[in-house]
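Understanding the architecture of this molecule
Below are the chains, spelled out letter by letter.
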Amino acid sequence: MEAIQFAKDLGLQHVVFERDNKVVMGAVSSSEQDFSSHGNLIEEIKVCKSFFHDWDLLLLCLDPPPGPLKETTGKGLDLLAATSHREEQSRRQTPLATEPICSSKYDLELYTKPMEELQSKLYSKRLSNSVFYTIGMWGFGQNILKAGEHLMALNLFSKMPLVPNEYVYSSAISACTSLMALLQGQQIHAQALKFGYASISYVSNSLISMYMKCSQCSDALSVYACTPEPNSISYNALITGFVENHLLEKGFEVFKLMHQRGFVLDRFTFVGVLEVCIDLDDLLTGTVLHAQTIKLELDSVPLIGNVIISMYSKFNLIDEAEKVFRLIEEKDVISWNTFISSCSHCVDHAKGLSVFKEMANDYSVSPDDFTFASVLATCAGLASIRHGKQIHAYLIRTRLCQDVGVGNALVNMYAKCGSIKYAYNIFNKMLHRNTFSWNSIIAGFGNHGLGGQALDLFEQMKAMGLKPDSVTYVGLLMACNHAGLVNEGKVIFNSMEETYGITPDIEHFSCLIDMLGRAGRLTEAEEYIKKFPFGDEPVILGSLLSACRLHGDVVIGERLARQLLKLQPMTSSPYVLMANLYASDEMWGDVAEARKMLKGSGLRKEPGHSLIEVKGSFEKFTIGDFSHSRIDDIKDILRTLNWAGGEVSLVI
């Protein structure tokens, strides 16, 4: 048998092929009579897993007979093998290729460990059979791509001495997609057109994805237009591509077209279109789509549920996000990460911390780097250094190599919890630093009033060849603000666009105005407000109005208050700030007038509150609120403290 000898030459132990319209399988070492027949369901052939410790390939049926072969399982890199109905009769040289081995209904999967060995065998044999070239192409084009060996697939493709089939073209185009190799992808597209494969769904869908990934949306639409029978994968590729290229309305138009043409909406469809709703801030449409996923029983699928959680958290609807989270049946680590991150985004840090404990203790889900980065952000939000240190200790025990994202989160956590020395120690011990690392430590020093050190770090960052970004300058301006380095701050603000081409936005401008206001340079700050387009922003006017109250400048303060009331007639802050400004200048009649205007507006000043941590849980205390369950005990303690304080005498 040529097939068996061919398999022996490749070093295979087992082989599956078609003979007399039946699927035949057996060990390569067996005689021809020992090969067993398993029916004529050719499309159900499925390559199964190889022995974990073996270096050869193993092919098995989708439903193999009982015995040792059925129990063959293991780990490895999966390869997909297939041949096509379109192979020419003149190129069928072995029984392995006398008939197509699979159809589009099922993928053939092949697992192997020594990819380089397979590649060398394919090259050394200079095979003219497309089955084994397809095996190699699917392998190098699918799983090895995960290891970054994208070029291996294209290298194998370029050395094929025969016309590829649709599966080979699909794999080669996928390799181009991963490499963002538009020119090579276009060349393969041209060859596929020449041999009549470009309109086949495997190839056309891969082409759509490639062109979308390379931001060639018009070319992707051209491929779609030339596809005689586009399927749901085609539409999903278009939707995802438009979302990635920020053409959100077009993505939604494709979704509506897909719906109108009666295609079944699957989980990938909803992932793409829900991303459109998130980016467009369209909660109403997102809610309607959520209802559709419930009808189709897709809302409990992690892939869909995770996106819906992100959508609700975008609109600060943490309760709705939690309902979706609880309904996900088989929560993966991404589900937990998404919800913890959502709690942090919605400033419900205590809930995020409790969800992390639930994940680790009740569900035994292993946290990953993103989990630790998210939960450290919740610790920073709560200023809970105790929990942050516990997580840090766990990381030291279990992770020898620290992810840069986790390192950045640790720096941020310690800085926000008041331990700038710990933060700087972590920063110095990081093996790899990125722009976020430098931004975190610069902001940390700035918030601690150590503006000089923050500026020194900025110089070190530039010396390392790292280009600062917009966030870097926010940290620098805050550092100059807190340290009173006004002139240095002005130089930094003015150099943003001149040196690095970074246009100042409202965050940078508000830092500058606040810095000038604190320094009492109110007239200069007002001049900046007139020059920049952010001058009418309430946060800018409110910041300068607070500075007027601090320095007792009633004239500029009144002018700013009138502007602020025009922009925000339904907020109490202008009235409160004006009352305080008048009080600082002992203008009691104007104070009474400002408070009267506040009362007449029907607005109420939001009461202040404080948070304290008690045995791992967080208690909120609001001014004027006596509804706490232990209010009597609290009053007793306060009376005791007040009495004890009265007994203390200060000797100077």
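Cut-offs used in this document
Residues numbered from 1 in each chain as written. Predicted model: local features only at pLDDT ≥ 70, side-chain atom pairs only at ≥ 80, totals over all residues. Heavy atoms only, no water. Helix = DSSP H or I, 4+ residues; strand = E, 2+ residues; numbered from the N terminus. Buried < 20%, exposed > 50% of the residue type's maximum accessible area, 1.4 Å probe, protein only. Contact = heavy atoms within 4.5 Å. Areas by Shrake-Rupley, 256 points an atom, 1.4 Å probe, with all protein chains shown as cover. Axes fitted to C-alpha atoms, helices over the stretch in contact; angles between N-to-C directions. Left-handed = near helix turned anticlockwise from the far one by under 90°. Nonpolar A, V, L, I, M, F, W, Y, C, P; charged D, E, K, R; others polar. Phe/Tyr/Trp six-rings, centres within 6.5 Å; stacked < 30°, edge-to-face > 60°. Lys NZ or Arg CZ within 6 Å of the ring centre and 35° of its normal. Parallel < 35°, antiparallel > 145°, perpendicular 65-115°, else oblique. Polar contact = N/O pair within 3.5 Å; in protein donor to acceptor, adjacent residues only side chain to side chain. Salt bridge = Lys/Arg side-chain N within 4 Å of Asp/Glu carboxyl O.

1. What about the overall build of the protein?
Counting its secondary structure elements, the protein contains 31 helices and 7 strands. Relative to its 652 residues, the protein shows a buried fraction of 46%. When contacts within the protein are restricted to residue pairs at least 6 apart in sequence, long-range pairs at least 24 apart make up 61% of them. Surface summary for the protein: the accessible area is close to 33300 Å², and the carbon and sulfur share equals 54%.

2. Focus on the environment of glutamate 229
Along the chain, glutamate 229 turns up in the loop between helix 8 (217-225) and helix 9 (232-244). Look at glutamate 229 and you get exposed, because its relative accessible area is 68%. The spacing of glutamate 229 and serine 199 is 30 residues in sequence and 8.5 Å in space, taken between C-alpha atoms.

3. Side note on the packing of helix 16 (residues 349-361) against helix 17 (residues 369-382)
Across the interface, helix 16 lies against helix 17 with an axial gap of 8 Å and an inter-helix angle of 140°. Considering how the two elements wind past one another, helix 16 and helix 17 form a crossing that is left-handed. Counted together, His349, Ala350, Gly352, Leu353, Phe356 and Met359 of helix 16 and Thr371, Phe372, Val375, Ala377, Thr378, Cys379, Gly381 and Leu382 of helix 17 form the full contact between these two elements. Among the residues making up the contact of helix 16 with helix 17, the classes are represented as 9 nonpolar, 5 polar and no charged.

4. Details of the packing of aromatic side chains
This structure, assessed with the given rule, holds 22 aromatic pairs. Summarising the aromatic geometry, the rings of tyrosine 224 and tyrosine 235 are spaced 5.5 Å apart at their centres and angled 70° between planes, so their arrangement reads as edge-to-face. Linking tyrosine 224 in helix 8 with tyrosine 235 in helix 9, this pair joins segments that are 11 residues apart in sequence. For the residue pair tyrosine 224 and tyrosine 235, the accessibility class agrees, reading buried in each case. When the ring of tyrosine 424 is compared with that of phenylalanine 445, the centres are 5.5 Å apart and the planes differ by 75°; the resulting orientation is edge-to-face. With tyrosine 424 in helix 20 (residues 420-429) and phenylalanine 445 in helix 21 (residues 435-447), this pair connects stretches of sequence that are 21 residues apart. Between the NZ or CZ atom of lysine 331 and the centre of the ring of phenylalanine 325, over which it lies, the distance is 5.3 Å. Stacked on the ring of tyrosine 528, the Lys or Arg lysine 531 has its end atom at 4.7 Å from the ring centre.

5. Quick word on the packing of helix 6 (residues 182-194) against helix 7 (residues 201-213)
Here helix 6 crosses helix 7 at 155°, and the two axes come no closer than 11 Å. Judged on the interaxial angle alone, helix 7 and helix 6 are roughly antiparallel. Considering only the axes of helix 6 and helix 7, their crossing is left-handed. Where helix 6 approaches helix 7, its residues Leu182, Gly185, Gln186, His189 and Ala192 are matched on the opposing element by Val203, Leu207, Met210 and Tyr211.

6. With respect to the side chain of histidine 387
Counting through the fold element by element, histidine 387 comes out in helix 18 (residues 385-398). Engagement of the side chain of histidine 387 in a polar contact is seen with the side chain of serine 384, the distance being 2.7 Å.

7. Some words on the environment of glycine 451
Structurally, the position occupied by glycine 451 is in helix 22 (residues 451-463). Relative accessible area serves as the criterion here: at 1%, glycine 451 is assigned to the buried category. Sequence separation of glycine 451 and alanine 479 is 28 residues, and the distance between their C-alpha atoms is 4.6 Å.

8. What about the pattern of salt bridges?
Per the stated rule, a full pass over the model turns up 14 salt bridges. For glutamate 358, the salt bridge identified is with arginine 326, shortest N-O distance 2.7 Å. In this pair, glutamate 358 sits in helix 16 while arginine 326 sits in helix 14 (residues 318-327), placing the two residues 32 residues apart along the sequence. Of the charged contacts, one joins arginine 399 and aspartate 369 as a salt bridge, the two residues approaching to 2.5 Å between their closest N and O atoms. You can see arginine 399 sitting in the loop between helix 18 and helix 19 (404-416) and its partner aspartate 369 sitting in helix 17, a full 30 residues away along the chain. Look at arginine 399 and you get partly exposed, because its relative accessible area is 27%. Sharing partners across several salt bridges, the network here consists of Asp319, Glu322, Arg326, Asp348, Lys351 and Glu358.

Such coordinate-based values are descriptive only and should not be taken to indicate function.
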